[in-house]
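# Chains, contacts and geometry: an overview
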Amino acid sequence: MIREYKDADRDSIMKLWLNTNIQSHSFISEEYWRSHYDMVKEMLPKAELYVYEDDTSGTVEGFIGLTGDYIAGIFVRADVQSKGIGKQLLDHAKMRKTGLSLKVYRRNERAVRFYLREQFVVDSESIDEDTNEKEFVMKWDSSGICHTQDMP
């Protein structure tokens, strides 16, 4: 079930945020994510958050964070990835927005493939100054007409 974020979700969401980032971004030091933990925790309530909760156990298995039309991230617990939770969270956001954008590290190939499969297009490429990693800016719009450069 997808529902709006509640303050009581903060600890489980932060644990999920940290663990997923460390697991998905082995090319970035674990310390980088740990050093941003408090800042992200403070910013959480300012974002538009939707939580995927297991109907039976009530466990938070994933969440999506939005700032306007920008997807700050989709996070799904490692043991339940590839079961459609990320797609459900993304579809939930797509129903509420006419366009979405995000940044994804180029080396996070699994995420790049996911967004391409979900009709996002690569709009541009840049370097994340904090990590020195290449990242794509990807966009989606409800009309299905996103103009972009060729995939690098």
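First, a word on scope: everything that follows refers to the structure included in this document.

The rules behind the values
Residues numbered from 1 in each chain as written. Predicted model: local features only at pLDDT ≥ 70, side-chain atom pairs only at ≥ 80, totals over all residues. Heavy atoms only, no water. Axes fitted to C-alpha atoms, helices over the stretch in contact; angles between N-to-C directions. Helix = DSSP H or I, 4+ residues; strand = E, 2+ residues; numbered from the N terminus. Parallel < 35°, antiparallel > 145°, perpendicular 65-115°, else oblique. Left-handed = near helix turned anticlockwise from the far one by under 90°. Contact = heavy atoms within 4.5 Å. Core = buried A, V, L, I, M, F, W, Y, C linked by side-chain atoms within 4.5 Å. Buried < 20%, exposed > 50% of the residue type's maximum accessible area, 1.4 Å probe, protein only. Pairing = 2+ DSSP bridges. Salt bridge = Lys/Arg side-chain N within 4 Å of Asp/Glu carboxyl O.

Here the focus is the packing of helix 1 (residues 10-24) against helix 2 (residues 30-43). Relative to each other, helix 1 and helix 2 sit at 155 degrees, their axes nearing to 10 Å. Taken together, the axis directions place helix 1 and helix 2 in an arrangement best described as roughly antiparallel. Between helix 1 and helix 2 lies a crossing of right-handed hand. Across from Arg10, Asp11, Met14, Trp17, Leu18, Asn21 and Ile22 in helix 1, the residues of helix 2 making contact are Glu30, Trp33, Arg34, His36, Tyr37, Val40 and Lys41.

This next bit is on the nonpolar core. Ranked by internal contacts, the top residues of the largest apolar core, which has 24 residues, are Ile71, Ile74, Tyr115 and Phe120. Counting residues per element, the ones that place at least two in this core are strand 2 (48-53), strand 3 (60-67), strand 4 (70-76), helix 3 (85-96), strand 5 (99-105), helix 4 (109-117) and strand 7 (133-141). With residues near it in sequence (within four places) discarded, phenylalanine 120 still touches Ile71, Leu90, Lys94, Leu100, Leu102, Tyr115, Met138, Lys139 and Trp140.

In the sheet, strand 6 (residues 121-128) pairs with strand 7 via seven bridges, with the strands oriented antiparallel. Note that in strand 7 the partner of glutamate 125 across the bridge is phenylalanine 136. In sequence, strand 6 turns back onto strand 7 through a hairpin of four residues, with asparagine 132 there showing a positive phi of about 65 degrees.

In this section: the pattern of salt bridges. In the structure shown here, the tally under the stated rule is 14 salt bridges. Here lysine 87 and glutamate 118 are joined by a salt bridge, their closest N and O atoms 3.2 Å apart. One end of the pair, lysine 87, is in helix 3; the other, glutamate 118, is in the loop between helix 4 and strand 6, and 31 residues separate them in sequence. A relative accessible area of 36% means that lysine 87 is categorised as partly exposed. Residue class for glutamate 118 comes out buried when judged on its relative accessible area of 6%. A salt bridge links arginine 107 to glutamate 133; the shortest N-O distance between them is 3.1 Å. One end of the pair, arginine 107, is in the loop between strand 5 and helix 4; the other, glutamate 133, is in strand 7, and 26 residues separate them in sequence. Through salt bridges with shared partners, a single network forms among Lys87, Asp91, Lys94 and Glu118.

On their own, these measurements won't tell you what the molecule is for.
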